[in-house]
Amino acid sequence: LNEITKQYHMGDITINANDKVSFEIEKGVLKRACQQVLFSVALDDKKPVLTGVLFELSGSKMTLVSCDGFRLSICRESVASAEMLRFIVPGKTLNDLIKLIDDSDEKIKIELTAKHLIVHFGDIYFFSRLVEGEYIDYMKSIPQNQTVEVKLKLHEFIACLERASLVIDERAKSPIKLNMVPFGVLISCLTANGKIDDEVTAEVKGELEIGFNNRYLLDALKGAAQADDEEVVLRMSGALVGMTIQPVEHDGYLYLVLPVRLNG
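Residues numbered from 1 in each chain as written. Predicted model: local features only at pLDDT ≥ 70, side-chain atom pairs only at ≥ 80, totals over all residues. Heavy atoms only, no water.

Novice: Go over the sheet that holds strand β8 (residues 107-112) with me, naming the residues and quoting the values.
Specialist: Here four strands make up an open sheet; going across it, the order is β3-β8-β9-β10 and the pairing antiparallel. Every interior strand has two partners, whereas the edge strands, β3 (21-26) and β10 (124-129), have only one. Each strand of the sheet is rotated relative to its neighbour by a mean of 20°, with strand direction disregarded. Sheet topology places strand β9 (residues 116-121) next to β10; six bridges connect them, and they run antiparallel. Residue L117 lies in a different strand from β10, and its bridge partner there is S128. In this fold helix α1 (residues 27-37) packs onto β3, β8 and β9, with an angle of close to 90° to the strand it touches most, β3. Sitting on the sheet, helix α2 (residues 91-98) touches β9 and β10, and the angle it makes with β10 is about 165°. (Pairing = 2+ DSSP bridges. Helix = DSSP H or I, 4+ residues; strand = E, 2+ residues; numbered from the N terminus. Axes fitted to C-alpha atoms, helices over the stretch in contact; angles between N-to-C directions. Contact = heavy atoms within 4.5 Å.)

Novice: Any chance you could break down the packing of helix α3 (residues 154-165) against helix α4 (residues 214-225) for me, citing the residues and the numbers?
Specialist: When two helices pack together, their arrangement is captured by the angle between the axes and the distance separating the axes. Where α3 contacts α4, the two axes come as close as 10 Å, and the packing angle between them is 155°. Taken together, the axis directions place α3 and α4 in an arrangement best described as roughly antiparallel. Crossing handedness for the pair α3 and α4: left-handed. Packed against α3, whose contacting residues are L154, H155, F157, I158, L161, E162 and S165, the element α4 presents N214, L217, L218, L221, K222, A224 and A225 at the interface. Its residues placed into classes, the contact of α3 with α4 shows nine nonpolar, three polar and two charged. (Parallel < 35°, antiparallel > 145°, perpendicular 65-115°, else oblique. Left-handed = near helix turned anticlockwise from the far one by under 90°. Nonpolar A, V, L, I, M, F, W, Y, C, P; charged D, E, K, R; others polar.)

Novice: Tell me about the environment of A227, residues and numbers included.
Specialist: Here A227 shows up in the loop between α4 and β16 (231-236). Separated by 168 residues in the primary sequence, A227 and G59 place their C-alpha atoms 22 Å from one another. Apart from the residues within four sequence positions on either side, A227 is in contact with Q36 and Y253.

So this is what it looks like as structure tokens:
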């Protein structure tokens with residue numbers, strides 16, 4: 001660590017090479033938060049910052065963000081930290097880290113230097129470089145004035161989408177079609193392997209027909225399921241505008257999934 005650059009700006013603070021800032025978090029909280037966003041980390045390095053997860057700490061709130069260009073994941077957790085921090089951790093690092101920690105309420109210590117992350121728990125010290133660069137202004141990606149709103153049972157919706165996915169050939173990338181009607185959501189998919197028609201009861205405001213990549217939509221819904229919510233709210237404003245997925249009674253997460261164009 002002696003070779004670290006002399007100064008590095010991180011959010012509103014400047015960290016000197018010989019300085020560290022640190023905070024503590026429960027193992028289970030960190031693991032769950034990472035699991036809620038890691039699926040949407042970019043796999044290619046066209047934009048290196050998107051290969052990592054953005055951490056933002058402000059007061060008692062920690063926000064994790066990931067985006068791969070097709071979906072955006074935001075997870076919020078409470079954490080005891082007096083610092084205002086903003087840093088990017090490689091997705092691979094977090095995948096490796098969560099394999100080492102359990103779901104307990106035992107605290108782990110996270111230290112930051114100019115370019116490195118150090119995680120300490122038990123007899124283990126886990127080191128990683130941080131991703132350098134400025135993360136995207138992700139809040140600008142979230143649609144405003146969404147006119148269609150759907151409140152439904154999360155696990156029922158996941159089960160319907162998984163059944164529909166059985167006929168989908170990933171190579172053909174056939175979309176799943178969602179039709180919002182007054183009594184719920186009609187789910188359909190037609191491929192060379194077969195046809196699926198299903199429905200899930202929901203509270204619906206507005207009407208819309210929209211298509212999605214089944215895997216991208218399921219990943220987001222399963223991320224939401226990590227929070228153990230029974231219901232979620234889907235919000236949309238058009239067939240070619242991203243759909244948001246949020247909890248009903250808190251602001252612990254937000255997922256944005258871009259739709260695909262339906263033919264015919």
